[in-house]
Amino acid sequence: MHISPVLWQFLVKWLNASALFPREASTIAPYADALYFFLLLITVVGLTLVGILIFGFSIRYRKEKHPVAIQVEGSTLLEATWTIIPLALFLIVFVWGALLYFRIYNPPTNAMNIYVVGKQWMWKAEHPGGQHEINALHVPSGRPVQLTMISQDVFHSFSIPDFRVKREVIPGRYSTVWFEATIPGTYHIFCTQYCGTNHSQMIGEVTVLSPDDYDKWTQESTSGMSLAQNGERMFASMGCNACHSGSAAARGPNLAGVYGSKLQLANGSQVVVNDAYLRDAILNPSQHITAGYAPIMPTYQGQISEDGLIDLVEYIKAMQNNYRVQQTLTTSQSNQAAPTTPGMVKP
Amino acid sequence: MSATSSTIVNLPDQRTAALPKRHYLNNEDGLLSWLFTGDHKRIAILYLISITFFFFIGGAFAGLIRLELLTPQPDLVASDTYNKFFSMHGIVMIFLFLVPSVPATLGNFLIPIMLGAKDLAFPKINLLSWYLYWVGGLFTLAALVLGGVDTGWTFTTPLSTHYLNTHVVTAATGVFIIGFSSIFTGLNFIVTIHRMRAPGMTWFRMPLFCWSNYAASILMVLGTPVLAITLVLVALERLVGIGVFDPTKGGDPLLFQHLFWFYSHPAVYIMILPGMGVISEVISTFSRKRVFGYTAVAFSSVAIALFGFFVWAHHMFIMGVSNYSALVFSLLTMLVAVPSAIKIFNWAFTLQKGSITFETPMLYAFGFLGLFTIGGMTGVFLGALGMDIHLTETYFIVAHFHFVMVGGMLMAFLAGIHFWWPKMTGRMYPESLSKLAAVTTFIGFNLTFLPQFILGYLGMPRRYHAYPPEFQVLNVLSTAGATVLGVGYMLPLLYLGWSLKYGAIAGNNPWQATGLEWQIQSPPLTENFIEIPIVDHEAYDYEWLAHKTAHEVTTVG
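Residues numbered from 1 in each chain as written. Chains lettered and ligands numbered in written order. Predicted model: local features only at pLDDT ≥ 70, side-chain atom pairs only at ≥ 80, totals over all residues.

(A) Layout of the overall build of chain B. Within chain B one finds 18 helices and zero strands. In terms of overall size, chain B behaves like a compact globule, its C-alpha atoms giving a radius of gyration of 23 Å where 557 residues would be expected to give roughly 24 Å. Expressed as lengths along the three principal axes of its C-alpha atoms, the size of chain B is roughly 80 × 45 × 45 Å. (Helix = DSSP H or I, 4+ residues; strand = E, 2+ residues; numbered from the N terminus. Rg over C-alpha atoms; globule rule 2.2 N^0.38 Å.)

Right, dumping it as structure tokens:
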């Protein structure tokens, strides 16, 4: 028996690499696989049952053995059986699937946050500490990580098969996904939503590091400025501080400590201030007027990149008081040369 | 009972059967008599030729896709070209082949005859729908010839509206127009089934083929306009930038997907339901037994059509729809799976106590049962919320969809074409060659698409031009299977063409089937029936058939 060496190489490579199932590298993976095996089981059982029925009847009632058909109307009992049993199984699958869905999409409160911006055709990860990565993501093992993601152009989808997580990355809207990696190593990142010419090049690698290695990596690859620091410079350079100065007579609402609070809007509704709200309020202020303020803020649609918005959001999130706002206000008034928008990318 | 067993023996010998002198094919001559025909049977033939043409175009693109995916590197064509391949494959196969496949060919041909009518309710609208199909088809071909379109068949915004320089509007116009063709066909069927049943043909005496086409017609008439509107919005957004789907203008890009899937999920039932009708006819005929639980099968078609409208958001579980709407749509998805399971078991139990023979249509139908079971069950994988997160947008989706549409629908279509070929042409196809084709298709199909389930679970995203090398083995298997599958589809084209001239004369009722279409000559007269039949028996009443045949033989003898 001769096997072509090329074929042999394929098989060896395949068996070594991943064979039939992807690696289980996150805390979610075993839960996802459990449901998968259950579904495989009922598929195989169902298929076997249908197969037995078809082949059994075909052999037993083939024309040579059973020349005259016996006409049967149907059977309510049987109909009920094969309505109720599949229904029950599907409902079990539904409940199981729903539980898994909530497990995958509801992040634990202590998750560390990393921003991801998708654009044709690359993934840009921004760590709060100011580390920037392209088509790569470094995360610690054993610690929940939440990704807050947004697309700068078309729909993308962020997928790490070995973690069994995936989420659409949508233009104009933050979406989130979380995972807790378990085993250090590197894993594929795929864009799974067709996004144009180089869709299949929009791939990357997530590197899971042990907590010690991760700390080392964070220190070595920082750009020197955290996202919030970038945001602070932008806040001053765009002149946000002129109105959002926090003083009693200011024309814009005080932003210190606003993140996470409940805000009364001019149109009577109440919102909880989160990342998405902050981003929308910057881009589309007339729809998000805080009660008691005049609708005078101009739109910043098209003027700030998604990266810049992330910086601003991070800055506002971290803002505890207005001390530095007022300080920068005085500085920027005395010196009109404001710092330019930072867009530094660590290659 | 002895009558039943002796009927087969009493049959007029097929070898002595002769083609009738006058039938719908030779009633009038010349190309114009075809192009201006109002005869539903001729329109069905026109459709059959047209969809076969487009099937092989779509198939060629499938072949090119599989060829490119032989190697992990993007080496056969450029990425843009590859994207155009899969877009064209999807657009042609879905809108120009699968949607019209069974309804426009077999449905057109058979529904009036099965109901005992002389034609559909609106013969001219029927012809118009074929012309619209071609206008749409030409727009699609124009998009292809002018340089292609690379939106994928889903036309997802904002990619299709803002980021692509290809012939999106041309292709969208094509699909828009084909949509009207499908609406007219559906409308025609609904009116015909309501108004033109022969005396005595009550709703519950109709063959299940009519029921399933009726259900599909409702979906066509109610769903397709939404697709049309959506495509108009895409075109307007692209041409004048109205901003409905553009977040920078206050639009919502997810709205597009809601609208698109509101049609495109029911569309998969438009594609599969008529196929299920074919399977009911074939399995009943070759087990010589009425379909087990006729009403359950009939109502499950209607149930699928109704539920089918309320599950669209299961395409969007990872898109950030609210958790609670995800729950509702997942639950409804589980419910829509039940009628399909009911059908499978009813078909299986139709075999019980039958008298089964294994002609080609039956082999295709068995293929359908197996593949559709896998296709349906993997749909449950995808309907389960948490599982969907990992599986969606991977090759698992591709495999699932092809199991239902190719393994299910195309098997059913081929079963139907073989089954009614004697009626449509008056000649038999070659039996052993066609059995070979059925088996080849089945093997090729499984070899092509089973590896894709594994690829999907491993995480290989769909629509990827290049992929990590560890996925190569499974892709090579899949491509090898596609080659076998290609042979399986070429064979019928060849031998069915051959049989037009050289096939054995079929006679009126070669399968001893009960439907009204089998009680008239093959090929039928232009007016179908010399006198309108009066129906006094249920569908699949083999005892009625036995008495009738016995009576005929006595009269002749």
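(B) Expanded view of the overall build of chain A. When helices and strands are counted, chain A shows nine helices and twelve strands. Taken against the 2.2 N^0.38 rule, which gives 20 Å for 347 residues, the C-alpha radius of gyration of chain A at 28 Å runs more than 25% over that of a compact globule. C-alpha extents for chain A along the principal axes are approximately 100 × 60 × 35 Å. Counting across all 347 residues of chain A, residues that qualify as buried make up 37%. For chain A, the share of sequence-separated contacts (at least 6 apart) that also reach a separation of at least 24 residues comes to 71%. (Buried ≥ 20, exposed ≤ 12 C-beta atoms within 10 Å, placed from the backbone. Contact = placed C-beta atoms within 7 Å.)

(C) Examining helix α15 (residues 395-425) of chain B more closely. All names here are of chain B. Along α15, the sharpest change in direction is near 40° and occurs at Phe419; proline Pro422 comes one to four residues later. Of all 31 residues in α15, 31 are buried; the element is thus mostly enclosed. Note on α15: the residue one or two positions beyond its end, Gly426, has a positive phi of about 80°. (Bend = angle between axes of the 7 residues up to and from the residue.)

(D) Main features of the sheet that holds strand β8 (residues 175-179) of chain A. Residue and element names in this part refer to chain A. Across the sheet, which stays open at both edges, the five strands sit in the order β3-β2-β1-β5-β8 with mixed pairing between neighbours. Looking at which strands have only one partner, the edges of the open sheet turn out to be β3 (132-134) and β8. Pairs of neighbouring strands in the sheet enclose a mean axial angle of 25°, with direction left out of account. Relative to strand β5 (residues 145-151), strand β1 (residues 112-119) is paired through seven bridges, and the arrangement is parallel. In the sheet register, Tyr115 faces β5, and the bridge partner there is Thr148. On top of the sheet, helix α8 (residues 306-318) reaches β1, β2 (122-126) and β5; it is set at about 160° to β1, its chief contact. (Pairing = 2+ DSSP bridges. Axes fitted to C-alpha atoms, helices over the stretch in contact; angles between N-to-C directions.)

(E) Molecular detail of the pairing of β2 of chain A. Residue and element names in this part refer to chain A. Of all the five residues making up β2, four are buried; the element is thus mostly covered by neighbouring parts of the structure. Between β1 and β2, which pair antiparallel one after the other, the connecting turn spans two residues. Where β2 and β3 come together, three bridges link them in antiparallel fashion. Note that in β3 the partner of Glu126 across the bridge is His132. What sits between β2 and β3 in their antiparallel hairpin is a turn of five residues, with Gly130 showing a positive phi close to 100°.

(F) Expanded view of the nonpolar core. Within the largest apolar cluster, 270 residues are counted, with the highest numbers of intra-cluster contacts made by Ile279, Ala365, Phe368 and Ala415 of chain B. For Ile279 of chain B, the contacting residues outside a window of four places in its chain are Trp347, Ala365, Phe368, Ala412 and Ala415 of chain B. (Core = buried A, V, L, I, M, F, W, Y, C linked by C-beta atoms within 7 Å.)

(G) Region of the structure containing the packing of helix α6 (residues 123-145) of chain B against helix α8 (residues 168-195) of chain B. Residue and element names in this part refer to chain B. The geometry of α6 relative to α8 is characterised by a closest axis approach of 8 Å and an angle of 160° between their N-to-C directions. What the angle tells us is that α6 and α8 run roughly antiparallel. Note that α6 runs across α8; the crossing there is left-handed. Residues Ile125, Asn126, Leu128, Ser129, Leu132, Tyr133, Val135, Gly136, Phe139, Thr140, Ala142 and Ala143 of α6 touch α8, and the partners they reach there are Thr170, Ala171, Thr173, Gly174, Val175, Ile177, Ile178, Phe180, Ser181, Phe184, Thr185 and Asn188. Residue classes in the contact of α6 with α8 are distributed as 14 nonpolar, ten polar and no charged. (Parallel < 35°, antiparallel > 145°, perpendicular 65-115°, else oblique. Left-handed = near helix turned anticlockwise from the far one by under 90°. Nonpolar A, V, L, I, M, F, W, Y, C, P; charged D, E, K, R; others polar.)

(H) Region of the structure containing the interface of chain A and chain B. Listed per partner, the contact involves 80 residues of chain A and 80 residues of chain B. Only α1 (5-17), α2 (29-60), α3 (76-105), β6 (156-160), β7 (165-169) and β9 (185-191) of chain A provide two or more residues apiece to the side of chain A that touches chain B.

(I) Examining the domain arrangement of chain A more closely. Residue and element names in this part refer to chain A. Here chain A is partitioned into domain 1 (16-105), domain 2 (112-220) and domain 3 (227-334). Its C-alpha centre places domain 2 at a distance of 27 Å from the equivalent point of domain 3. Every element with two or more residues in the side of domain 2 that touches domain 3 is listed here: β1 and β5. Taken together, the residues of the side of domain 2 that touches domain 3 sort by class into five nonpolar, three polar and two charged. (Domains from an automatic or database assignment.)

(J) Structural detail: unusual backbone geometry. A cis amide bond links Gln120 of chain A with the next residue in sequence, Trp121 of chain A, at an omega value of -10°. Secondary-structure assignment places Trp121 of chain A in the loop between β1 and β2. Each neighbour pair has its own omega, and for Ser522 of chain B with Pro523 of chain B the value is -10°, a cis peptide bond. Mapped onto the elements, Pro523 of chain B comes out in the loop between α17 (472-502) and α18 (542-556).

(K) View of the sheet that holds strand β4 (residues 136-140) of chain A. Residues and elements named next belong to chain A. Sheet architecture is open: five strands sit in the order β4-β10-β9-β6-β7, paired in mixed fashion. Because the sheet does not close on itself, it has two edges, and the strands there are β4 and β7. When strand polarity is set aside, the average angle formed by the axes of neighbouring strands in this sheet is 20°. The pairing of β6 with β9 spans two bridges and is antiparallel. Pairing of Phe158 across the sheet is with Cys191, part of β9. Contacting β4 and β10 (203-209), helix α4 (residues 211-220) crosses the sheet at an angle of about 130° to β4.

(L) Quick peek at helix α5 (residues 227-237) of chain A. Summarising burial for α5 of chain A: eight of the eleven residues are buried, a large majority. Positive phi shows up at Gly239 of chain A, right after α5 of chain A, with a value of about 80°.

(M) Representation of the environment of Asn322 of chain A within the structure. Residues and elements named next belong to chain A. Turning to its location among the elements, Asn322 is positioned in the loop between α8 and α9 (323-334). Expressed as a C-alpha distance, the spacing of Asn322 and Leu255, which sit 67 residues apart in the sequence, is 8.0 Å. Contacts of Asn322, omitting those with residues within four sequence positions, involve Ser245, Gly246, Asn254 and Ala256.

(N) Geometry of the confidence of the model for chain B. All names here are of chain B. Of the residues in chain B, 96% have a pLDDT of 70 or more, and the chain-wide mean is 91. Taken together, the stretch residues 1-10 has pLDDT below 50 and engages in 17 contacts with residues farther than four places along the chain or on a different chain. Model confidence for the complex: the whole-complex pTM is 0.90, and ipTM, which rates the interface, is 0.91. (pLDDT = per-residue confidence, 0-100.)

(O) Molecular detail of the environment of Gly275 of chain B. When you line up the elements, Gly275 of chain B lands in helix α10 (residues 253-287). Sequence separation between Gly275 of chain B and Phe368 of chain B is 93 residues, and the spatial gap between their C-alpha atoms is 9.2 Å.

(P) Representation of the pairing of β7 of chain A. Residue and element names in this part refer to chain A. Most of β7 sits out of view: five of its five residues are buried. Across five bridges, β6 lies against β7 in antiparallel orientation. Counterpart to Ile160 in the pairing with β7 is Val165. Taken together, β6 and the strand that follows it, β7, pair antiparallel across an intervening segment of four residues, in which Arg164 is found at a positive phi of about 60°.

(Q) Up close: the packing of helix α5 (residues 101-115) of chain B against helix α9 (residues 208-239) of chain B. Residue and element names in this part refer to chain B. The interhelical angle for the contact between α5 and α9, taken along N-to-C directions, is 125°, at an axis separation of 10 Å. Accordingly, the angle class assigned to the pair α5 and α9 is oblique. When you trace α5 past α9, the crossing you get is left-handed. Residues Pro103, Gly107, Leu110, Ile111, Met114 and Leu115 of α5 lie in contact with α9, whose contacting residues are Phe209, Cys210, Asn213 and Ala216. Along the lines of polarity and charge, the residues of the contact of α5 with α9 split into eight nonpolar, two polar and no charged.

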